[in-house]
Amino acid sequence: MLQKLNLKISKYQANRLNSLGIPNALTRNDDQYLSPSNRTGIINNYAIGKDAILISNHINNGGGKGSEIIYSIKSTPVLGNYIASEIIKTGQNVRNVYTRVNSQGTDYYFVLRDTPYSNSNIVEYGFADNLVDQELLLYNWPVLAESVVRAIANFYNVPYFPPNFIVYVVRRGDSLYKISKSFNTTINKIIKDNNLKSTNLSIGQELFIYQ
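My aim in this report is to walk through the structure given alongside it, one point at a time. In this text the structure is predicted, and so the values were computed from the model without any measurement. (Residues numbered from 1 in each chain as written. Predicted model: local features only at pLDDT ≥ 70, side-chain atom pairs only at ≥ 80, totals over all residues. Heavy atoms only, no water.)

What follows concerns the side chain of serine 120. Here serine 120 shows up in strand β4 (residues 119-127). On the basis of relative accessible area, serine 120 is assigned to the buried category, the value being 0%. A distance of 3.2 Å separates a polar atom in the side chain of serine 120 from the backbone oxygen of tyrosine 117. Other than its neighbours up to four places away in sequence, serine 120 contacts Leu54, Ile70, Tyr71, Ser72, Ser75, Leu112 and Thr115. (Helix = DSSP H or I, 4+ residues; strand = E, 2+ residues; numbered from the N terminus. Buried < 20%, exposed > 50% of the residue type's maximum accessible area, 1.4 Å probe, protein only. Polar contact = N/O pair within 3.5 Å; in protein donor to acceptor, adjacent residues only side chain to side chain. Contact = heavy atoms within 4.5 Å.)

Take a look at the structure:
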């Protein structure tokens with residue numbers, strides 16, 4: 001279920017940034033592989049000013065627990081610290097906000113090294129091979145995604161308002177009745193808002209709950 005999570009997070013954030021009036025662009029809109037040069041080429045097409053930022057969303061692996069934010073050596077840690085502060089509010093721990101250089105003294109990661117933005121950050125939301133992080137990533141990814149939206153709004157000093165919906169990810173033991181009671185809504189409204197053809201739910205299914 002985690003394979004497409006980076007894209008889900010990015011599309012969610014693009015939608016929310018649009019609602020806040022913050023211009024943005026995605027490097028991809030579907031589940032496709034992009035080589036490093038293709039990815040940076042697309043990113044560089046949007047290099048439109050010194051105030052532009054780059055957020056590269058990732059899920060970590062290889063042992064560990066928590067989120068990490070890696071900022072470019074061309075940047076300062078200001079935006080990264082904003083992001084870390086907001087992620088901590090979701091209940092996820094932040095391991096570090098840092099920069100990493102290679103043996104040539106440039107950015108270690110190509111997405112930071114080969115792009116021109118002065119505010120570039122890789123956001124690692126958690127570790128796919130950590131059971132606690134797995135749970136958080138599977139069911140609370142919309143909350144984590146929203147935390148970065150808040151950080152960007154704070155960074156740009158743009159008035160922030162929360163979304164008029166919640167993306168709820170169905171868990172084991174959930175039912176439309178249980179979910180409707182949790183969010184003070186009705187079963188019929190959930191069915192209508194999500195164009196459901198059946199009242200049967202599956203684990204990992206995403207429902208929009210409008211406020």
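Counting 30 residues, the largest nonpolar core has Ile55, Ile83, Val123, Tyr125, Trp141, Val148 and Ile152 as its most contacted members. Put simply, the parts of the chain that give this core at least two residues each are α1 (5-19), β1 (53-60), α3 (78-89), β4, α5 (131-156) and β5 (165-169). Among the elements that line this core, the one with the most residues is α5, at 11 residues. Sequence-distant contacts of isoleucine 152, that is, excluding residues within four places in its chain, are made with Leu17, Ile22, Ile53 and Ile55. Leu54, Tyr98, Val111 and Ile122 belong to the second largest nonpolar core, which has 9 residues in total. (Core = buried A, V, L, I, M, F, W, Y, C linked by side-chain atoms within 4.5 Å.)

So, on to the pairing of strand β6 (residues 206-210). The alternating pattern of β6 places Leu207 and Ile209 on a buried face and Glu206, Phe208 and Tyr210 on a face that is not buried. Here β5 pairs with β6 via 5 bridges, running antiparallel. The residue bridging isoleucine 166 from the neighbouring strand is isoleucine 209, located in β6. (Pairing = 2+ DSSP bridges.)

It is worth spelling out the layout of surface pockets at this point. Its volume calculated, the largest pocket comes out at about 940 Å³. What lines the largest pocket is a set of 34 residues, among which Ala25, Leu26, Thr27, Leu54 and Ile55 lie closest to the centre. When residues of the lining of the largest pocket are traced back to their parent elements, those giving at least two are α1, α2 (36-44), β1 and α5. In terms of residue count, the dominant contributor to the lining of the largest pocket is α1 (7 residues). Classifying every residue of the lining of the largest pocket by side-chain character gives 20 nonpolar, 10 polar and 4 charged. Estimates place the volume of the second largest pocket at around 220 Å³. Forming the walls of the second largest pocket are 16 residues, and the residues nearest its centre are Pro142, Val143, Phe165, Ile166 and Val167. For the lining of the second largest pocket, the secondary structure elements donating two or more residues are α5 and β5. (1 Å grid on protein atoms, 1.4 Å probe; cavity = no way out; pocket = protein on both sides within 12 Å on 5 of 7 lines; lining within 4 Å. Points joined across faces, edges and corners; volume = space filled by probe spheres on them. Nonpolar A, V, L, I, M, F, W, Y, C, P; charged D, E, K, R; others polar.)

The next subject is α1. Residues spaced three or four apart along an α-helix point in a common direction, a consequence of the helix completing one turn every 3.6 residues. When the terminal C-alpha atoms of α1 are compared, their 21 Å separation across 15 residues agrees well with the 21 Å that a helix rising 1.5 Å per residue should span. Looking only at α1, the buried set comprises Leu5, Leu7, Ile9, Ser10, Tyr12, Gln13, Ala14, Arg16 and Leu17. Those residues of α1 that are buried lie in contact with β1, β4, α5 and β5. Trailing α1 by a residue or two, glycine 21 shows a phi angle of about 80°, which is positive. (Expected span 1.5 Å × (residues − 1).)

Attention now moves to the packing of α1 against α5. Running from N to C, α1 and α5 cross one another at 40°; their axes reach a closest spacing of 9 Å. One element, α1, and the other, α5, form an angle in the oblique class. The chirality of how α1 crosses α5 is right-handed. Residues Leu5, Lys8, Ile9, Tyr12, Gln13, Arg16 and Leu17 of α1 form the contact with α5, whose participating residues are Leu137, Trp141, Pro142, Ala145, Glu146, Val148, Val149 and Ile152. In terms of residue class, the contact of α1 with α5 is made up of 11 nonpolar, 1 polar and 3 charged. (Axes fitted to C-alpha atoms, helices over the stretch in contact; angles between N-to-C directions. Parallel < 35°, antiparallel > 145°, perpendicular 65-115°, else oblique. Left-handed = near helix turned anticlockwise from the far one by under 90°.)

For the rest of this paragraph, the subject is the pattern of salt bridges. Should their charged atoms come close, side chains of opposite charge can pair. Counting across every chain of the model gives 11 salt bridges. Among the salt bridges present, the one from glutamate 86 reaches lysine 89, with a minimum N-O distance of 3.1 Å. With a gap of 3 residues between them, glutamate 86 and lysine 89 both fall in helix α3, about one helical turn apart. Classification of glutamate 86 by relative accessible area gives buried; the value is 6%. We classify lysine 89 as exposed; its relative accessible area is 58%. (Salt bridge = Lys/Arg side-chain N within 4 Å of Asp/Glu carboxyl O.)

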